[in-house]
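Listed below are the residues making up each chain.
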Amino acid sequence: MAIHPLVMETLWERAAFMRESLQKSQTITDNMVTILGSFDQRLSSLETAMRPTQIRTHSIRRAHENIDKTLKAADVFLGQFDLSRQAEAKILRGPHEDLESYIEAVDQLRSIVRFFSSKQSLKSSIGVLNHAHNLLAKAILKLEEEFRQLLTSYSKPVEPDRLFDCLPNSLRPSSGSPGQGDASGKRPSSTKHSENQHKSLEHVVYTPPALIPPRILPLLHDLAHQLVLAGHQQQLFTIYRETRILVLEQSLRKLGVEKLSKDDVQKMQWEILETKIGNWIHFMRIAVKLLFAGEKKVCDQIFEGVDSLREQCFADVTANCVAVLLSFGEAIAKSKRSPEKLFVLLDMYEIMRELQPEIEINFEGKYCAEMRESALVLTKRLAQTAQETFGDFEEAVEKDATKTAVLDGTVHPLTSYVINYVKFLFDYQSTLKQLFQEFDEGDADAQLASLTTRIMQALQTNLDGKSKQYKDSALTQLFLMNNIHYIVRSVRRSEAKDLLGDDWVQIHRRIVQQHANQYKRISWSKILQCLTVQGASSGGSGPIDGSSNSGVSRTTVKDRFKTFNIQFEELHQRQSQWTVPDSELRESLRLAVAEILLPAYRSFLKRCGPLLQNSKNPQKYMRFSPGDLERMLAEFFEGKTWNER
């Protein structure tokens, strides 16, 4: 197919245009390459020309940087010099006016010393450092003196009344002396040791008095902290120890604590010693729960963060006072044993057990180890002495050889003493059980029951021996009846019944009845024989008419009445002086006698009385009516002397 000539012409024009455009583009490219090559040569020349200038500029910049660093270092140095002058001015004024500012100055001075110590290559640092060290040493001495003055000024002995106000109401003395009131340890008959009260006291919260005002303690703490940082622990310890020991000892002296040796204790009369033991119990409670606890609080706050110094200061301040208090307890525990000491020994053991938790808490750490051990040793020794006293008491009861005779057959003083003793023992049940467990892991209830049974048996053995002193065997039986009845009644009304058991009570009630029966047989069997007619032969007057009296002579009847009258009057005279102290037992015994005597007398009077009605002066023989006998029997066992009748 043939291409149109017009089209061909157009294509040739376009091709020519493209060739022309390509040629122009190549020309431009060549020109640009030529221009850029020229720039590169010019830049290279320019760089070569500016290199010295760049070097000079870099040097100038580095010089400026060095100048800035030097100026900044100079500013720091000048700042330290300025701070040093400010700190010196505060330190020279002393800590008394503004302690907080003074301590800040000391801290600042320490910082200055650290700064210049790291710059000792500079000659100027050496002089400044020496000056700062000297100034710091003077500052620490002033802090030391401030600590001494502040501690001394606010350390005052605690007055007894202030301590008493910290006690529960039940333990506060009724007057100014701890030796008076319930705390004295005295045991009048109206006063009874209360276990419930003791248990309630175990849960009472004691609030120790502030031995140093609370606002002062932070200041003392800050001062102590500064002295510790300065390495003045020994000086701090000495100041605290000397100041607080004196004050604590004065507080105890004001309270009444005195140092007594074992010889002092041995020479004291029991009444005086008993009071001192009661006071000691009071002092121990106050010392441990109030004074020592308060001292521990002071130590903890002043020496917070310095455990070794805190424990050592507390131990040294309290050591002598603890030794004085415990030495008295040791002297009592080692003194000659006697029954009356048992209850104060139990009181002392009780207070040591009560205080043991506080002792363990307050006297913690190695520095207080000896005091903790001493307290434990005393507790054990008191328990041991008390236990040995039990044995002594049991033996003393059985072997009691007092010649004190009770002429009227009443309750022997030994019986009432032993029973009261046992009653007091049961007031200490929980304490006794703890005491038994100090040495034996066995059943404490069984041990207490065994102890009580042995004491009761020892008492009965002794009473049997004492009853043999009576020449009148009826009085022997009355004496045993009275004493065993007193024992049984006392046991039934006390907690001893729960341990001894109902069987023990019933057995001993039967023993009381047996002695009563023996008394009746011995006293009244002979006189009752006068009121019988069996075996009586006819007398000189001949037989009496009447079938009921056949074979009984008037003379025999007269003799029987006469003998009865004499014997009854003798019994009345003698046995109205005897005593049955228990009203129920007394009435019961009178009734038992009346039940055998009055029916027999009425019968004899009815059967034989008519024989004497016609005789001369029948009242000479029939002197007593049944009513007279009943009235006179009501006077038996009243313990009246003949002059009182």
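Residues numbered from 1 in each chain as written. Predicted model: local features only at pLDDT ≥ 70, side-chain atom pairs only at ≥ 80, totals over all residues. Heavy atoms only, no water.

A closer look at the overall build of the protein
Defined as follows: Where helices and strands are cited, they refer to DSSP runs of H or I of at least four residues and of E of at least two residues respectively, numbered from the N terminus. Note on definitions: a residue-residue contact is assigned when non-hydrogen atoms from the two residues lie within 4.5 Å. Note that accessible areas follow from Shrake-Rupley with a 1.4 Å probe, and for residues the cover is restricted to the protein chains shown.
Scanning the protein for helices and strands turns up 21 helices and zero strands. Of the contacts formed within the protein by residues at least 6 apart in sequence, a portion of 82% connects residues at least 24 apart. Of the roughly 34,900 Å² of accessible surface on the protein, 52% is carried by carbon and sulfur atoms.

Digging into the side chain of Thr379
Keep this limit in mind: We call a residue buried when its accessible area falls under 20% of the maximum for its residue type, exposed when it is over 50%, and partly exposed in between, using a 1.4 Å probe and counting protein chains only.
With respect to the helices, strands and loops of the structure, Thr379 is situated in helix H12 (residues 369-399). A residue is classified by how much of its surface remains accessible, and Thr379, at 5% relative accessible area, is buried. With near-sequence residues (within four places) excluded, Thr379 lies in contact with Tyr349, Met352, Arg353, Gln356 and Glu438.

Quick notes on the nonpolar core
Here is the rule: Put simply, a nonpolar core is a bunch of buried Ala, Val, Leu, Ile, Met, Phe, Trp, Tyr and Cys residues held in one set by side-chain atoms that sit within 4.5 Å of each other.
Phe147 and Phe568 are the most contacted members of the largest nonpolar core, which totals 159 residues. When neighbours within four sequence positions are excluded, Phe147 is seen to be in contact with Leu220, Leu223, Ala224, Leu227, Leu236, Ile239, Tyr240 and Ile302.

Some details on the pattern of salt bridges
Heads up, the rule is: One speaks of a salt bridge when a side-chain nitrogen belonging to Lys or Arg is within 4 Å of a carboxyl oxygen belonging to Asp or Glu.
For the structure on display, the rule yields 32 salt bridges. The residue Glu354 makes a salt bridge to Arg285 at a minimum N-O spacing of 3.1 Å. Remark: Arg285 occurs in helix H9 (residues 270-302) and Glu354 occurs in helix H11 (residues 342-362); sequence separation between them is 69 residues. With respect to class, Glu354 is no different from Arg285; both count as buried. For Asp307, the salt bridge identified is with Arg310, shortest N-O distance 3.2 Å. Taken together, the positions of Asp307 and Arg310, both in helix H10 (residues 307-334) and three residues apart, correspond to about one turn of that helix.

Description of unusual backbone geometry
Even without a glycine there, the phi angle at Phe637 is positive, about 65°. Mapped onto the elements of the fold, Phe637 is located in the segment after helix H21 (626-633). You can call Phe637 buried: its relative accessible area is 2%.

Re a nonpolar patch on the surface
Heads up, the condition is: In this analysis, a patch consists of residues with relative accessible area above 30% that form no salt bridge, clustered at 9 Å for like charges and at 5 Å for the nonpolar side chains Val, Leu, Ile, Met, Phe, Trp and Tyr.
Together, Ile28, Met32 and Ile35 give the surface a local cluster of nonpolar side chains, amounting to about 280 Å² of exposed area. Of note, Ile35 is situated in helix H1 (residues 5-93).

Regarding H9
The following threshold applies: A helix's residues, less one, multiplied by 1.5 Å, set its expected span. We define the bend at each residue as the angle formed by axes fitted to the 7 residues ending at it and the 7 residues starting at it.
Here H9 spans 45 Å end to end across 33 residues, near enough to the 48 Å set by a 1.5 Å rise per residue. At Ala287, H9 is deflected by roughly 40°, the largest bend along its length. Of all 33 residues in H9, 26 are buried; the element is thus mostly enclosed.

What about the packing of aromatic side chains?
The condition is simple: Two rings from Phe, Tyr or Trp (for Trp, the six-membered ring) form a pair when their centres are within 6.5 Å of each other. A pair whose planes differ by under 30 degrees is stacked, one over 60 is edge-to-face, and the rest are tilted. Two thresholds decide whether a charge sits over a ring: the Lys NZ or Arg CZ must be within 6 Å of the ring centre and within 35 degrees of the ring normal.
Enumeration according to the criterion identifies 21 aromatic pairs in this entry. Seen from their ring centres, Phe314 and Phe363 are 5.1 Å apart, and the 50° between their planes marks the pair as tilted. With Phe314 in helix H10 and Phe363 in the loop between H11 and H12, this residue pair connects regions lying 49 residues apart in the sequence. The residues Phe314 and Phe363 share a single accessibility class, namely buried. Taken together, Tyr519, Trp524, Phe564, Phe568, Tyr601, Phe624, Phe636 and Phe637 form an aromatic cluster joined through their ring pairs. Geometry around Phe439 places Lys380 over its ring, the cationic atom sitting 5.7 Å from the centre.

Observations concerning the packing of helix H6 (residues 217-229) against H9
Formally: As a rule, the C-alpha atoms of each element are fitted with a line to give its axis, helices using only the stretch in contact, and angles between N-to-C directions run from 0 to 180 degrees. Working definition: roughly parallel below 35 degrees, roughly antiparallel above 145 degrees, roughly perpendicular at 65 to 115 degrees, and oblique for all remaining angles. Ten residue types, Ala, Val, Leu, Ile, Met, Phe, Trp, Tyr, Cys and Pro, are classed as nonpolar, four, Asp, Glu, Lys and Arg, as charged, and the remainder, Gly among them, as polar.
At a closest axis distance of 8 Å, the pairing of H6 and H9 adopts a crossing angle of 50°. Considered as vectors, H6 and H9 are oriented oblique to each other. Contacts between H6 and H9 involve Leu217, Leu220, His221 and Ala224 from the former and Val298, Gln301 and Ile302 from the latter. Residues that form the contact of H6 with H9 fall into these classes: five nonpolar, two polar and no charged.

Section: the confidence of the model for the protein
Selection criterion: Along the chain, pLDDT gives the predictor's confidence residue by residue, from 0 to 100.
For the protein, the mean per-residue pLDDT works out to 82, and 79% of the residues sit at or above 70. Ignoring residues within four places in sequence, the model shows residues 179-192, a span with pLDDT below 50, making 32 contacts including any to other chains. Between residues 535-550, whose pLDDT stays under 50, and residues either more than four places distant or in other chains, the model counts 22 contacts.

Some details on H6
Here H6 spans 18 Å end to end across 13 residues, near enough to the 18 Å set by a 1.5 Å rise per residue. For H6, the set of buried residues is Leu217, Leu220, Leu223, Ala224, Gln226, Leu227 and Val228. Gly231 occupies a position one or two residues after H6 and carries a positive phi of about 80°.

Remarks on the environment of Leu255
Position of Leu255 relative to the elements: it lies in helix H7 (residues 233-255). Using a relative accessible area of 4% as the deciding quantity, one classes Leu255 as buried. A C-alpha to C-alpha distance of 9.8 Å links Leu255 and Phe164, two positions 91 residues apart in sequence.

Looking at empty space enclosed by the protein
Empty pockets left among the atoms are what a rolling probe the size of a water molecule brings to light. Selection criterion: The definitions used throughout rest on a 1 Å grid laid over the protein atoms alone, on which a cavity is an enclosed set of points accommodating a 1.4 Å probe that cannot get out and a pocket is an open set flanked by protein within 12 Å on both sides along at least five of seven lines; lining residues are those having an atom within 4 Å of a point. Grid points are joined across faces, edges and corners, and a volume is the space filled by probe spheres set on the points.
Under the criterion given, the structure shown has four cavities of 30 Å³ or more. Approximately 100 Å³ is the volume attributed to the largest cavity. Lining the largest cavity are Met284, Val288, Phe292, Val322, Leu325, Leu326, Ile359, Phe363, Met371, Arg372 and Ala375. Going through the elements one at a time, H9, H10 and H12 are the ones with two or more residues in the lining of the largest cavity.

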